[in-house]
Every structure is written in structure tokens, then in C-alpha cells.
Amino acid sequence: MTKSAKGTALVTGASSGIGAIYADRLARRGYDLILVARNRERLDGLAKRLSTETGRSIEIVAADLTKRADVSRIESILRSNANINVLVNNAGVGATAPLLASDVDKMSDMIALNVDALMRLTYAAVPGLVARGGGAIINIASVVGVQPELLNGVYGGSKAFVLALTHSLQHELKDKNIRVQAVLPGATATEFWGIAGTPVEHLPGEIVMKAEDMVDAALAGFDQGEIFTVPSLPEAADWQAYEAARQKLMPNLSRSAPAARYGVKAA
Ligand SMILES: NC(=O)C1=CN([C@@H]2O[C@H](COP(=O)(O)OP(=O)(O)OC[C@H]3O[C@@H](n4cnc5c(N)ncnc54)[C@H](OP(=O)(O)O)[C@@H]3O)[C@@H](O)[C@H]2O)C=CC1
Ligand SMILES: CC(=O)[C@H](N)C(=O)O
């Protein structure tokens, strides 16, 4: 099998849901794939189907991204495989229980996966992308990154981290031909919900998007050059206004004197 001229995309959390759809869509766009998740059987089934249907080369790597040794194996692949030009940081778990009903060790595991693994894989991928003159990082965040009141707060915090990191990466890499995108799905019909503690069937149907539609919209946003893509948001202008409000704060976020309303006489 010849290497794809498009390059290779490494997709984490590719054994189900959003990650499996990204794998499908990227293979159909001509990318070779490296698929990462814990469930080897599922990865294997997906890889066989996609290589038969698309003719692309699909490699699987079983790894638990809450475990440092497994993360290191994926970091090594990202550092050493010069064909990789796309990283989809998708693997993640959530929780729907509030703080008082949550197990703090599970919260740490969530941060290990949603934050630490995503950060380490990004650090492993970016130097190679820069050296080779381009590529893309797609980070699957969530609307809870801007609406942390909705589900478990640690989950919201983990996705706010992804949004902040994406802002910073975009700022640092924009002149290096590296595309950075954060995707902010709302409720999406995947196994996420059952694992997080609330079956998706318990949600009102009108707020739940099909995973296929979510990924197709996210890739359309990518093609349109968006940095932040909220697949369900009807008006792009609403996100632009949110971003403009953030930008407006910037000149005043660091000053030598406290604001007058605090009544502090500057020393
Ligand atoms: N569904 C939703 O409503 C929304 C989801 N998201 C985000 O989308 C992303 C994908 O979730 P989604 O597709 O919905 O859910 P799924 O549960 O279907 O997929 C999660 C994926 O992550 C993998 N994964 C979970 N734990 C680990 C681990 N320790 N190490 C490696 N891989 C792991 C799973 O594979 P395996 O079990 O084989 O390891 C699976 O492939 C997540 O980051 C989630 O936060 C964002 C907003 C909304
Ligand atoms: C916002 C949602 O409903 C979603 N499940 C998420 O993971 O953030």
C-alpha cells in the first residue's frame, strides 16, 4: 500500500463515537490513519472496514491515555513518524454528577485524559509539524468550556483548558502554516453520556446532535478556516461577538493601579 500524499492523521479515542467518525471522514479524504484508544478489538474492526472501503493504510495502537507509559508510546510515534500531519485530540471522558456527588480520584483520571494527555500529545506533535512546514491540530473541546455550569465542573474546567490552549497555539503557530481548531460540540449522541452518568435517552431530543452531523459540520468549519467551531450555533456572529468582548478586555487586564471602584489608593 502506498503512502498517502495527503499525509497521516493520528486520531485519539477512535474506537467509538466522534473519534470513529473522524477516522471515517479523514480516510475518505485520503489520509492514512493511526487510531488510538484502549479497545483493540473495536479499533481493529474499524481499521479493517476503513482500509477495505478507502484503500488507505490504517494502523491501530491500543493505549490507555491515563497511563503515562502509554502516553509516552504515542508521543514517540508523533515524534518519529514524519508522515503525520494531522493530530485529532479527541479521546475524552465526562461526568454529569456535581462536586458533592463525585469521586475525586475519577476527577483526577479525567484531567489525566482530557488535559494532560492532550497537552503531551500536542507537545510531541508540534515540533515535527513546524519542522516539516505545516499540519493541523484539531482539539475536541465542548460547549461546557464556555458553559461550565451545565455538567460536572471538572469536566467543564478540562474543556476550558482545551479552549485556552487552542487560543495560545493559534497565536504561536499562525505564521508556521499550522492550522489549529477547537471543536465545541453540544450534546452529541454517543456512548459518552452513559459513561458520564446520564443515558443520552434522558436528554430532550431537540438538543442532541447525531455524531455524524457533528463531525461533518466540524470538518466544514475546518475547511472554512474556523479556529473555534460550534456546530450547533446558528449565527457565527454570536461567537465573533463573544471573542470581541474577550479582546476588548485585553488592554486593561494588567495595569499598575487597581480599578477605581475598589477604592484603593495606589501606593
Ligand atoms: N458526546 C457528547 O455529547 C460530547 C462529547 N465531547 C467530547 O468528544 C470527545 C469524544 O467523545 P464521544 O465520542 O462523545 O464519546 P465516546 O465515549 O463514544 O468516545 C470516547 C473515546 O475516547 C476513548 N477513551 C476513553 N478513555 C480513554 C483512555 N483512558 N485512553 C484512551 N482512550 C480513551 C474511548 O475508547 P476506549 O474506551 O476504547 O479507550 C473512545 O474511543 C470527548 O473528548 C468528549 O469530551 C464534547 C462535547 C459533547
Ligand atoms: C455539552 C454536552 O452536552 C456534552 N456532553 C459535553 O461533553 O460537553
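Structure first, text after, so check above.
Quick summary incoming for the structure in this document. (Residues numbered from 1 in each chain as written. Chains lettered and ligands numbered in written order. Predicted model: local features only at pLDDT ≥ 70, side-chain atom pairs only at ≥ 80, totals over all residues. Heavy atoms only, no water.)

**Observations regarding the site of ligand 2**
Move 1: Neighbouring ligand 2 are Ser 142, Val 143, Val 144, Leu 150, Leu 151, Tyr 155, Gly 186, Ala 187, Phe 192 and Trp 193.
Move 2: Between ligand 2 and Tyr 155 there is a distance of 2.3 Å, counted from an oxygen atom to a side-chain nitrogen or oxygen.
Move 3: Interatomic distance of 3.4 Å between a backbone N/O atom of Ala 187 and an oxygen atom of ligand 2.
Move 4: The fraction of the free accessible surface of ligand 2 (250 Å²) that becomes covered by protein chains is 93%.
Move 5: By residue class, the composition of the shell around ligand 2 is eight nonpolar, two polar and no charged. (Near = heavy atom within 4 Å. Polar contact = N/O pair within 3.5 Å; in protein donor to acceptor, adjacent residues only side chain to side chain. Areas by Shrake-Rupley, 256 points an atom, 1.4 Å probe, with all protein chains shown as cover. Nonpolar A, V, L, I, M, F, W, Y, C, P; charged D, E, K, R; others polar.)

**Thoughts on the sheet that holds strand 4 (residues 84-89)**
Move 1: Across the sheet, which stays open at both edges, the seven strands sit in the order 3-2-1-4-5-6-9 with parallel pairing between neighbours. Two strands in the sheet have a free side with no partner beyond their single neighbour: strand 3 (58-62) and strand 9 (228-229).
Move 2: Sheet topology places strand 2 (residues 32-37) next to strand 3; five bridges connect them, and they run parallel. Directly across from Val 36, in strand 3, lies its bridge partner Val 61.
Move 3: Strands strand 1 (8-12), strand 4, strand 5 (135-140) and strand 6 (178-183) of the sheet are contacted by helix 4 (residues 104-132), whose axis makes an angle of about 160° with strand 4.
Move 4: Those strands touched by helix 5 (residues 153-173) are strand 5, strand 6 and strand 9, and its axis lies near 160° from that of strand 6. (Pairing = 2+ DSSP bridges. Helix = DSSP H or I, 4+ residues; strand = E, 2+ residues; numbered from the N terminus. Contact = heavy atoms within 4.5 Å. Axes fitted to C-alpha atoms, helices over the stretch in contact; angles between N-to-C directions.)

**Quick word on the packing of helix 4 against helix 5**
Move 1: Contact geometry of helix 4 with helix 5 gives a least axis separation of 9 Å together with a crossing angle of 15°. Put simply, helix 4 runs roughly parallel to helix 5. For the pair helix 4 and helix 5, the crossing hand works out as right-handed. Judged by residue contacts, Met 107, Met 110, Ile 111, Asn 114, Val 115, Leu 118, Met 119, Thr 122, Val 126 and Val 130 of helix 4 engage Val 154, Tyr 155, Ser 158, Lys 159, Phe 161, Val 162, Leu 165, Leu 169 and Leu 173 from helix 5.
Move 2: The residue makeup of the contact of helix 4 with helix 5, split by class, is 15 nonpolar, three polar and one charged. (Parallel < 35°, antiparallel > 145°, perpendicular 65-115°, else oblique. Left-handed = near helix turned anticlockwise from the far one by under 90°.)

**Considerations on the packing of aromatic side chains**
In this description, a pair of aromatic rings is defined by centroid distance and the angle of the planes.
Move 1: What the rule picks out here adds up to four aromatic pairs.
Move 2: Between Tyr 155 and Phe 192, the ring centres sit 5.4 Å apart and the planes meet at 45°, which makes this aromatic pair tilted. With a gap of 37 residues between them, Tyr 155 in helix 5 and Phe 192 in helix 6 (residues 192-196) connect regions that are remote in the sequence.
Move 3: With centroids separated by 5.4 Å and ring planes inclined at 75°, the aromatic side chains of Phe 192 and Trp 193 adopt a geometry described as edge-to-face. For the pair Phe 192 and Trp 193, one class covers both residues: buried. (Phe/Tyr/Trp six-rings, centres within 6.5 Å; stacked < 30°, edge-to-face > 60°. Buried < 20%, exposed > 50% of the residue type's maximum accessible area, 1.4 Å probe, protein only.)

**Here's the deal with helix 2 (residues 40-54)**
Move 1: For helix 2, with 15 residues, the first-to-last C-alpha span of 21 Å sits near the 21 Å given by 1.5 Å per residue.
Move 2: Residues of helix 2 that are buried include every one of Leu 43, Leu 46, Ala 47 and Leu 50, and no others. Take helix 2 and look down its axis: the buried residues cluster within an arc of 100°, on one side only. Those residues of helix 2 that are exposed and aimed more than 90 degrees away from the buried face are Glu 41, Lys 48 and Thr 52.
Move 3: In the core, the buried residues of helix 2 are packed alongside helix 1 (17-28), strand 2 and strand 3.
Move 4: Downstream of helix 2 by one or two residues, Gly 55 has phi in the positive range, about 75°. (Expected span 1.5 Å × (residues − 1). Arc of directions from axis to C-beta.)

**A look at the nonpolar core**
Generally speaking, a soluble globular protein has its nonpolar side chains buried in company with each other.
Move 1: Within the largest apolar cluster, 36 residues are counted, with the highest numbers of intra-cluster contacts made by Leu 10, Val 36, Leu 65, Ile 74, Leu 78 and Leu 184.
Move 2: Contacts of Val 36, omitting those with residues within four sequence positions, involve Leu 10, Val 11, Thr 12, Gly 13, Ala 14, Leu 43, Val 61, Ala 63, Leu 65 and Ile 74.
Move 3: Grouped together as the second largest cluster of nonpolar side chains are 31 residues, Ala 14, Ile 21, Leu 26 and Leu 50 included. (Core = buried A, V, L, I, M, F, W, Y, C linked by side-chain atoms within 4.5 Å.)

**Concerning the pattern of salt bridges**
Move 1: For the coordinates displayed, the defined rule picks out 16 salt bridges.
Move 2: We note a salt bridge from Arg 49 to Glu 53, for which the minimum N-O separation is 3.1 Å. Here the residue Arg 49 and the residue Glu 53 both occupy positions in helix 2, the gap between them amounting to four residues, near one helical turn.
Move 3: The class of Arg 49 is partly exposed, set by a relative accessible area of 35%.
Move 4: What makes Glu 53 partly exposed here is its relative accessible area of 45%.
Move 5: A single network of salt bridges, built from pairs that share partners, joins Asp 24, Arg 25, Arg 28, Arg 49, Glu 53 and Asp 216. (Salt bridge = Lys/Arg side-chain N within 4 Å of Asp/Glu carboxyl O.)

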